[in-house]
Amino acid sequence: MRTTNIRKITISAMLMALLIIFGRVFLIPIPWTHGNVNLCDAAVFLASLLFGKWYGGTVGGFGALLLDLISGYANFAPFSFLAHGLEGFLAGWLYTRTHNRFLALGVGIVVMVAVYVVANGVLYTWVAGILGIGTDLLQGIIGAVVAALVYQPLKRWGNNE
């Protein structure tokens, strides 16, 4: 039991590091929202599918928070913590309950997009929030596809709660 928890924590920490790398290396700037599209959601979804809601929420929330802080988006850090934390938590919770990856990933994407609409609306304008829906959806979908493809060979590592 103890080695299982250490394994989960270690792999989750590696996924959080991967989230930051994906968010800094694989990115496309989006001028009208002052943000970018990146692959960080892939790491969030992998943590959720492999280990469940708490790990997915922690990797998503803290990984996205750290990513924003080191990327110069400190004003977005609380929103990213909430958006990706909820994304990971809900995707992990739904996958544990339903074993339907597509439902879990879809709900995670919708929640992330909704939080970023509010974030852009509060920080900039509601028009920016609405204009960001497409790019946030694209980011979530790409992350979900990458996670779904990589999950199959990695699922032996997981022990979803």
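Residues numbered from 1 in each chain as written. Predicted model: local features only at pLDDT ≥ 70, side-chain atom pairs only at ≥ 80, totals over all residues. Heavy atoms only, no water.

So, the overall build of the protein chain
Move 1: Secondary structure summary: the protein chain contains six helices and two strands in total.
Move 2: Moving toward the C terminus, one meets the helices and strands of the protein chain in the order α-β-β-α-α-α-α-α.
Move 3: With the principal axes as the frame, the protein chain shows a C-alpha extent of 50 × 30 × 20 Å.
Move 4: Counting over 161 residues, the protein chain shows a buried share of 49%.
Move 5: Considering only residue pairs separated by 6 or more positions, the protein chain has 74% of its internal contacts joining residues 24 or more positions apart.
Move 6: With the model as given, the accessible surface of the protein chain reaches about 7,900 Å², and the carbon-plus-sulfur share is 74%.
Move 7: Between the centroid of the 9 positive side chains of the protein chain and the centroid of its 5 negative side chains there is a distance of 16 Å. (Helix = DSSP H or I, 4+ residues; strand = E, 2+ residues; numbered from the N terminus. Buried < 20%, exposed > 50% of the residue type's maximum accessible area, 1.4 Å probe, protein only. Contact = heavy atoms within 4.5 Å. Areas by Shrake-Rupley, 256 points an atom, 1.4 Å probe, with all protein chains shown as cover. Lys, Arg positive; Asp, Glu negative; His and termini not counted. Charge placed at Lys NZ, Arg CZ, Asp CG, Glu CD.)

Considerations on the packing of helix 2 (residues 40–51) against helix 5 (residues 101–123)
The geometry of a pair of packed helices is captured by two quantities: the angle between their axes and the separation between those axes.
Move 1: Contact geometry of helix 2 with helix 5 gives a least axis separation of 11 Å together with a crossing angle of 135°. The angle between helix 2 and helix 5 falls in the class oblique. The handedness of the crossing between helix 2 and helix 5 is right-handed. Listed contacts from helix 5 to Asp41, Phe45 and Leu49 of helix 2 are Arg101, Leu105, Gly108, Ile109 and Met112.
Move 2: Grouping the amino acids of the contact of helix 2 with helix 5 by side-chain chemistry returns five nonpolar, one polar and two charged. (Axes fitted to C-alpha atoms, helices over the stretch in contact; angles between N-to-C directions. Parallel < 35°, antiparallel > 145°, perpendicular 65-115°, else oblique. Left-handed = near helix turned anticlockwise from the far one by under 90°. Nonpolar A, V, L, I, M, F, W, Y, C, P; charged D, E, K, R; others polar.)

What about the UniProt feature "transmembrane region" (unreviewed entry) in the protein chain?
Move 1: This chain's UniProt record puts "transmembrane region" (unreviewed entry) on residues 6–27, 39–56, 76–95, 102–119 and 125–151.
Move 2: Secondary structure over residues 6–27 splits into 91% helix and 5% strand, and the C-alpha atoms at its two ends are 31 Å apart.
Move 3: Spanning residues 125–151, this segment combines 96% helix with 0% strand, and its end C-alpha atoms are found 37 Å apart. (UniProt positions renumbered as here; feature names shortened; annotations may be inferred.)

Concerning unusual backbone geometry
Move 1: The phi angle at histidine 99 is positive, at roughly 55°, despite the residue not being glycine.
Move 2: The exposed category is assigned to histidine 99, whose relative accessible area is 61%.

Focus on the nonpolar core
Move 1: Leu15, Leu19, Phe45, Val59, Leu105, Tyr116 and Tyr151 are the most contacted members of the largest nonpolar core, which has 36 residues in total.
Move 2: Those elements that place two or more of their residues in this core are helix 1 (2–25), helix 2, helix 3 (53–71), helix 4 (77–98), helix 5 and helix 6 (126–154). (Core = buried A, V, L, I, M, F, W, Y, C linked by side-chain atoms within 4.5 Å.)

What about the environment of tryptophan 93?
Move 1: Note that tryptophan 93 resides in helix 4.
Move 2: Through-space distance from the C-alpha of tryptophan 93 to that of leucine 15 is 18 Å; in sequence the pair is 78 residues apart.

Quick notes on the packing of aromatic side chains
Move 1: Tallied over the full model, the rule gives seven aromatic pairs.
Move 2: On the numbers, 5.6 Å between centres and 70° between planes, the contact of phenylalanine 22 with phenylalanine 26 is edge-to-face.
Move 3: Judged by its relative accessible area of 17%, phenylalanine 22 falls in the buried class.
Move 4: A residue is classified by how much of its surface remains accessible, and phenylalanine 26, at 44% relative accessible area, is partly exposed.
Move 5: On the numbers, 5.1 Å between centres and 75° between planes, the contact of phenylalanine 62 with phenylalanine 81 is edge-to-face. Taken together, the residues phenylalanine 62 in helix 3 and phenylalanine 81 in helix 4 connect sequence positions 19 residues apart.
Move 6: The partly exposed category is assigned to phenylalanine 81, whose relative accessible area is 33%. (Phe/Tyr/Trp six-rings, centres within 6.5 Å; stacked < 30°, edge-to-face > 60°.)

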